[in-house]
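# Breakdown of the fold
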Amino acid sequence: MPGLFQWLLRARAATPACALFIAFMVYLPVAQAALTLSNTRVVFNGDKRNVSLTITNPSDRDFAVQSWVNTAADDQTTAVPFIVSPALFRLNAKKEQQVQINGLPNTLPRDRESLFYFNVQEIPQVQSISDNQLNIALRTRIKFFYRPQELKDNPTDRLKELSWSIQQEDGQAHLRVNNPSPFHVSFIRIEVLSNGQTVALDNTAMLAPLSSQRFDLQGVKPDQGMQVTFTTITDYGGFTAPITLPVSPGF
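This text gives an overview of the structure that appears in the document.

Rules used in this analysis
- Residues numbered from 1 in each chain as written.
- Predicted model: local features only at pLDDT ≥ 70, side-chain atom pairs only at ≥ 80, totals over all residues.
- Heavy atoms only, no water.
- Pairing = 2+ DSSP bridges.
- Helix = DSSP H or I, 4+ residues; strand = E, 2+ residues; numbered from the N terminus.
- Core = buried A, V, L, I, M, F, W, Y, C linked by side-chain atoms within 4.5 Å.
- Buried < 20%, exposed > 50% of the residue type's maximum accessible area, 1.4 Å probe, protein only.
- Contact = heavy atoms within 4.5 Å.
- Phe/Tyr/Trp six-rings, centres within 6.5 Å; stacked < 30°, edge-to-face > 60°.
- Axes fitted to C-alpha atoms, helices over the stretch in contact; angles between N-to-C directions.

Moving on to the sheet that holds strand β8 (residues 95-103). What the 4 strands build is an open sheet, ordered β2-β4-β8-β6; its pairing is antiparallel. At either margin of the open sheet sits one strand with a lone partner, and together these are β2 (36-37) and β6 (82-85). The pairing of β2 with strand β4 (residues 50-57) spans 2 bridges and is classified as antiparallel. Bridging across to β4, threonine 36 finds its partner in threonine 56.

Spelled out as structure tokens, the structure:
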């Protein structure tokens, strides 16, 4: 590993006169980064000690790689009960590395999932400190769900428990969804069917367990026979079959 640390030290020690090293801590989709992940999300079951995934470097460049788990707030100070091993390593071109996320004793809720994020940052090798160059450290960030061992149900089977209704506020109608299940719901698409019109909603944010949220109806006029059709992401990164449920008019 000495070569890896020398590489990182050279990158950090470079001055504007000899090299320019800028690390942009940004969130980019997996497809835009040089490194790829075997998962688009991680589910850590509470009855397991660890979970593994593979980081692959399909490019022609070598990278230093850092990986860690943090909170949705994306800070570096909040302690989380997970350790990634190895947390720092070199990944040569056309190679792959398996990383293991180990769980620690914790006091996380037992009646619902908890949300964290798994991060992978790629740092290109500094070719020479004698030439001006721009090296960008890209970061991939995917959802990491901790699922207590008390939760035995299949999350997909609980989707039909979502209840949808119309909520009036300041003369505006909003679509409200309530999630009575202990699982997160990651929507891919939500369509509202009302008055013979079908409209796909924008900004369909993830729905937390045992919570509710609302969406703007974008000019859709609610009626008594209103329905909603939605699709979500599964534990394995696939899509569920569309589910259609009635919407309570709320008036």
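Having seen it, we continue.
Moving on to the nonpolar core. Formed by 24 residues in total, the largest nonpolar core has its most connected members in Ile55, Val69, Phe82, Ile101, Phe118 and Phe144. Breaking this core down by element, the ones donating at least two residues are β3 (41-45), β4, β5 (63-70), β6, β7 (88-91), β8, β9 (114-124) and β11 (138-147). The residues contacting valine 69, other than those within four sequence positions of it, are Val80, Phe82, Val84, Ile101, Phe116, Tyr117, Phe118, Asn119 and Phe144. Counting residues in hydrophobic clusters, the runner-up holds 23 residues, among them Leu159, Ala173, Leu207 and Leu217.

Quick look at the packing of aromatic side chains now. One pass over the full model with this rule turns up 11 aromatic pairs. With a centroid separation of 4.8 Å and an interplanar angle of 65 degrees, the aromatic rings of phenylalanine 82 and phenylalanine 144 are classed as edge-to-face. Of this pair, phenylalanine 82 sits in strand β6 while phenylalanine 144 is found in strand β11, placing the two residues 62 residues apart along the sequence. Residue phenylalanine 144 is classed as buried on the basis of its relative accessible area, which comes to 0%. The interplanar angle of 35 degrees and the centroid separation of 5.4 Å between the aromatic rings of tryptophan 164 and phenylalanine 230 together place this pair among those described as tilted. Residue tryptophan 164 is found in strand β12 (residues 163-169), and its partner phenylalanine 230 is found in strand β17 (residues 227-232); the two are separated by 66 residues along the sequence. Tryptophan 164 sits in the buried class, given a relative accessible area of 4%. In textbook terms, an aromatic cluster arises when at least three aromatic residues are bridged by ring pairs, as seen for Phe44, Phe82, Phe116, Phe144 and Tyr146.

Let us now look at the sheet that holds β3. Strand order in the open sheet formed by 5 strands is β3-β11-β9-β5-β7, and the pairing between neighbours is mixed. Two strands in the sheet have a free side with no partner beyond their single neighbour: β3 and β7. Averaged over neighbouring strand pairs, the angle between their axes works out to 25 degrees when direction is ignored. As defined by bridge partners, β3 adjoins β11 across 5 bridges and the pair is classed as parallel. Considered in β11, the bridge of arginine 41 is made with lysine 143.

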